[in-house]
Amino acid sequence: MSGIDVAPGHDDGIPVISVLFVCTHNSARSIMGEALLREKGGDAFDVHSAGTEPSEVRPLTLRVLEEAGIPTAGLSSKSVQEFMGRKFDYIITVCDSARQNCPVFPGEGDRFHWGYPDPSAATGTEEERLEAFRRVFTAMSQRIDLFMNVSDKRETADPS
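Residues numbered from 1 in each chain as written. Predicted model: local features only at pLDDT ≥ 70, side-chain atom pairs only at ≥ 80, totals over all residues. Heavy atoms only, no water.

Asks: Please clarify how the overall build of the protein chain should be interpreted in this entry.
Replies: The secondary structure content of the protein chain amounts to 4 helices and 4 strands. Among the 160 residues that make up the protein chain, the fraction classed as buried is 43%. Sequence separation of at least 24 residues holds for 69% of the intrachain contacts in the protein chain that already meet a minimum separation of 6. (Helix = DSSP H or I, 4+ residues; strand = E, 2+ residues; numbered from the N terminus. Buried < 20%, exposed > 50% of the residue type's maximum accessible area, 1.4 Å probe, protein only. Contact = heavy atoms within 4.5 Å.)

Asks: Sorry if this is basic, but what is going on with the packing of aromatic side chains here?
Replies: On inspection of all chains with the given rule, the structure shows 7 aromatic pairs. Ring centres of Trp114 and Phe147 lie 5.8 Å apart, and the angle between their planes is 75 degrees; this geometry places the pair in the edge-to-face category. Remark: Phe147 occurs in helix 4 (residues 126–156) and Trp114 occurs in the loop between strand 4 (110–113) and helix 4; sequence separation between them is 33 residues. A residue is classified by how much of its surface remains accessible, and Trp114, at 6% relative accessible area, is buried. (Phe/Tyr/Trp six-rings, centres within 6.5 Å; stacked < 30°, edge-to-face > 60°.)

Asks: Is there a simple way to think about the side chain of Glu34 in this case?
Replies: With respect to the helices and strands, Glu34 occurs in helix 1 (residues 29–41). Sequence-distant contacts of Glu34, that is, excluding residues within four places in its chain, are made with Phe21, Val47, His48, Ser49, Leu75 and Lys78.

Asks: What should I look at first to understand the sheet that holds strand 4 in this one?
Replies: Strand pairing in a sheet is mediated by backbone hydrogen bonds. Such pairs are either parallel or antiparallel. The 4 strands are arranged 2-1-3-4 in an open sheet whose pairing can be described as parallel. The open sheet has two edge strands, strand 2 (45–51) and strand 4, and neither has a second partner. Direction aside, neighbouring strands of the sheet carry axes that sit 20 degrees apart on average. Running at roughly 175 degrees to strand 2, helix 1 makes contact with strand 1 (17–23) and strand 2 of the sheet. (Pairing = 2+ DSSP bridges. Axes fitted to C-alpha atoms, helices over the stretch in contact; angles between N-to-C directions.)

Asks: Explain the pairing of strand 1 here, please?
Replies: For a regular strand, the rule is simple: side chains alternate between the two faces of the sheet. Burial analysis of strand 1 places 7 of its 7 residues in the buried class, which makes it a mostly covered element. Of the two faces of strand 1, the one carrying Ile17, Val19, Phe21 and Cys23 and the one carrying Ser18, Leu20 and Val22 are both buried. Inspection of the sheet shows strand 1 paired to strand 2 by 7 bridges, in the parallel sense. Residue pairing for strand 2: Ile17 is matched across the bridge by Phe45. Each parallel crossover has a hand, and the one from strand 1 via helix 1 to strand 2 is right-handed. As defined by bridge partners, strand 1 adjoins strand 3 (residues 90–93) across 4 bridges and the pair is classed as parallel. Pairing of Val19 across the sheet is with Tyr90, part of strand 3. (Right-handed = clockwise from strand over helix to strand, strands pointing away.)

Asks: Honestly, the pattern of salt bridges in this entry has me stumped. Any pointers?
Replies: Any two side chains of opposite charge can pair, so long as their charged atoms come close to each other. Scanning the entire structure with this criterion turns up 11 salt bridges. Two residues, Glu34 and Lys78, come together in a salt bridge whose shortest N-O distance is 3.6 Å. Highlighted residues: Glu34 in helix 1 and Lys78 in the loop between helix 2 (59–67) and strand 3, separated in sequence by 44 residues. Across the pair, Lys78 and Glu34 agree in class, each one buried. Salt-bridge contacts for Arg63 lead to Glu67; the nearest nitrogen and oxygen are separated by 3.9 Å. Residue Arg63 and its partner Glu67 are both found in helix 2; the two are separated by 4 residues, about one turn of the helix. (Salt bridge = Lys/Arg side-chain N within 4 Å of Asp/Glu carboxyl O.)

Asks: Quick question: what am I supposed to make of the side chain of Ser30 here?
Replies: Structurally, Ser30 can be placed in helix 1. A residue is classified by how much of its surface remains accessible, and Ser30, at 0% relative accessible area, is buried. Once residues within four sequence positions are removed from consideration, Ser30 is found in contact with Phe21, Val22, Cys23, Ser49, Ala50 and Val94.

What is shown is where atoms sit, not what they do.
Structural data, given as structure tokens:
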């Protein structure tokens, strides 16, 4: 074995799809991506998120996830450095800065960029700022539905 940590397969032999969401601070968009895909994809996906300059998970991020009934226990801001020895099938950057600064991972699979406005930069009342988080959450949720459909077909496609 090469020493690279890979995601385990299911007991039925179907491989788990490993995904890393990356943003600058790992405080909103990447956390939403992690939580959404983990909730929607279940044990078919091994999902993580990280930041190039990690900080703290934003309270409005947690609030939007909780409003949607998505578990938030265990969500925390992490550095991409924690995942450097790990192989991922997909690395998804969700902000332009992370796209430019995301390191290359060994044995890296496909890299996608899903740019979303930073809800943390929203101004106004708490309700107006919360609405910015909800908009990003809704857009990410829709894209994750499409991603799951495509990645499932790719993983189960018969090469013959």
